[in-house]
Amino acid sequence: MAITGKSSGDETSSNFSLSSTTPIMGLKLYAIILLTLATLLTIFIAIFLCIRSKRRRIRVNHISGSSPVKQQVIEIKENDDDDDDMNEVEKEVSVVVCVEGKNESYGSNKCEVGNFEGMDVGWGRWYSLKELEMATNEFASGNVIGEGGYGIVYRGVLHDGSVVAVKNLLNNKGQAEKEFKVEVEAIGKVRHKNLVGLIGYCAEGAQRLLVYEFVNNGNLEQWLHGDIGPISPLSWDIRIKIAIGTAKGLAYLHEGLEPKVVHRDVKSSNILLDRNWNAKVSDFGLAKLLGSEKSYVTTRVMGTFGYVSPDYASTGMLNEGSDVYSFGVLLMEIITGRSPVDYSRAPGEMNLVDWFKGMVASRRGEELVDSLIDVQPPPRSLKRALLVCLRCIDLDPQKRPKMGQIVHMLEADEYPFRSEHRSTRETAPLSSSTTGAI
C-alpha cells in the first residue's frame, strides 16, 4: 500500500507540473516550452539561410567574372606627403585598385598581382615576371644594354617577336617602388616621337620592372664620349637635329601636358638615338608633376652633377626652368664634345659652363666646336646655337626661354635662305644683334 500510494503521488505531481497554468498569459507550462523551442528553431533557420545566401552571392560574382578585385577600377592616386622617409616635400603617386570597396596599395599582400596579367589598363600591358624572364633569357648579362644606380636595362624579345627594353629597378630603400609609380604617372599615357614609349609593366612581390620601346642606336653620351675614332659620326647637322628633337620632347612635357611634367634629369645618357639620329628623351624616374596653378614645387634636390641649375640646387624650388638650364648644358656638351665636369682637364676648363662662358666672352666661339667634327658649322648657325646656350643658363630663371621658344630658335637653322628675301636694311639689325650677343 505504501509503495502504491507513493507511485500515485509522484505521477499526480508530474501531471500537475506540466499541465498547470502559468502566470504568462494564462498559458500551460507545456505550451510555454513548445513556443520557446519553436522560437529558437526559427532563429537558427534564419541565421543559416542568411549565411547561405551571402555565400551564394559571392559565388555568383566569381562565376560571372566580377571577382572581388574590380579589374576596371584602376586609377592613379595622388598623395601630398609632407614628411616622408626621404625628407622630400613632393607629390607622390601610387597605383591603386579597388578591393571590395576598399583601396589597397598595388603590390601589397592583399592585392593579387596575378589578376592583372595580360590586361590593358590604359597605360600599357601588364607582363608577368615569367614572360620577361623568357624575353631576356633569364636576365642574362649578355642582354644588358644599360646600367646605373636606378637599375639594369636588358634587351628582350617578346613571344610575338617584338624587341623591347626591360628596366629592372633596383629596390634601394624603396626607390624602385617610387620610380615605378612616377614613371607610370609621368609617361604612362604619353605618346610622342621624341619621348621613349612605355609599353608595359610588371610588379610581382618586390620586383618592379618597366617595359619600353627598344631604341636601337645607343645614347648620346656614348656617341659624344665613347671611342668612336678620329672623326665623329655626329656631324654638325646631326647634332642640331638631336638638339631639336630633345627640345621638342621637353617642350611637350612642359607645354603639352596637364599637369606638366618636369623631367629633372636631362643629360646625354638619357637621350636615346635611333638609326636616323632621332632623339628620344628617356628615364622619367625623377620626374615631377607640376599643376597649372603652381609655378614650382619644393622638393629634395635631385639630378646629375653638372646639369643641375644653381637656383634649384640652392633653394629646392623646381620648375620647368630647371630643365631648360639642364638642356643648355646638354647643348654645350653637343657643341663641344666635352662632359659637363671633367677633372682631367686644366683647372680653368674643368667646369664646362664656366669655360664655355669665358670663351664666348673672349669672342672665341669657333674654338668651342668639337674637334672631331669633320666639317665646321656655318658661322650663323654656330652663333645661334651659342646664343641659345647662354640664354638657357641665365642665372635668373625668369629670363630663360621656354622649351617651345628654344625649338623655334634652333629650327631657324633649317631655313638658311629665309633672310635672303629680306632687304639689307631688315637683316642688318638681326646680324649685328646676334654678333653682339655672341
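Heads up: the structure comes first, above all this text.
Notes on the structure in this doc start here. (Residues numbered from 1 in each chain as written. Predicted model: local features only at pLDDT ≥ 70, side-chain atom pairs only at ≥ 80, totals over all residues. Heavy atoms only, no water.)

## Quick notes on the overall build of the chain
And step 1. If you tally the helices and strands in the chain, you get 12 helices and 15 strands.
And step 2. Each of the 438 residues in the chain was classed as buried or not, and the buried ones make up 43%.
And step 3. Of the roughly 23,900 Å² of accessible surface on the chain, a fraction of 54% belongs to carbon and sulfur atoms. (Helix = DSSP H or I, 4+ residues; strand = E, 2+ residues; numbered from the N terminus. Buried < 20%, exposed > 50% of the residue type's maximum accessible area, 1.4 Å probe, protein only. Areas by Shrake-Rupley, 256 points an atom, 1.4 Å probe, with all protein chains shown as cover.)

## What to know about helix H10 (residues 379-392)
Within an α-helix, residues lying three or four positions from one another point in the same direction, as the helix has 3.6 residues per turn.
And step 1. With 14 residues, H10 extends 20 Å from end C-alpha to end C-alpha; this agrees with the ideal 20 Å at 1.5 Å per step.
And step 2. When H10 is considered as a whole, its buried residues turn out to be Ser381, Leu382, Ala385, Leu386, Val388, Cys389 and Cys392. Burial along H10 is one-sided: seen end-on, the buried residues are contained in an arc of 155 degrees.
And step 3. Among the structural elements, helix H6 (236-255), helix H8 (320-336), helix H9 (352-361) and helix H11 (403-411) are those in contact with the buried residues of H10. (Expected span 1.5 Å × (residues − 1). Arc of directions from axis to C-beta. Contact = heavy atoms within 4.5 Å.)

## Describing the pairing of strand S9 (residues 207-213)
And step 1. For S9, the tally of buried residues reaches 5 of 7 residues, placing the bulk of the element in the interior.
And step 2. Of the pairings in the sheet, the one linking strand S8 (residues 198-204) to S9 comprises 6 bridges and is antiparallel in character. Its bridge partner being in S9, Gly200 is matched across the sheet by Val211.
And step 3. Hairpin connection between S8 and S9: a loop of 2 residues separates the two successive antiparallel strands, and Gly205 in this loop has a positive phi of roughly 60 degrees. (Pairing = 2+ DSSP bridges.)

## Here's the deal with the pairing of strand S7 (residues 163-169)
And step 1. Counting buried positions along S7 yields 6 of 7 residues, so the element is predominantly enclosed.
And step 2. Relative to S7, strand S6 (residues 151-157) is paired through 7 bridges, and the arrangement is antiparallel. Note that in S7 the partner of Ile152 across the bridge is Asn168.
And step 3. Inspection of the sheet shows S7 paired to S9 by 5 bridges, in the antiparallel sense.

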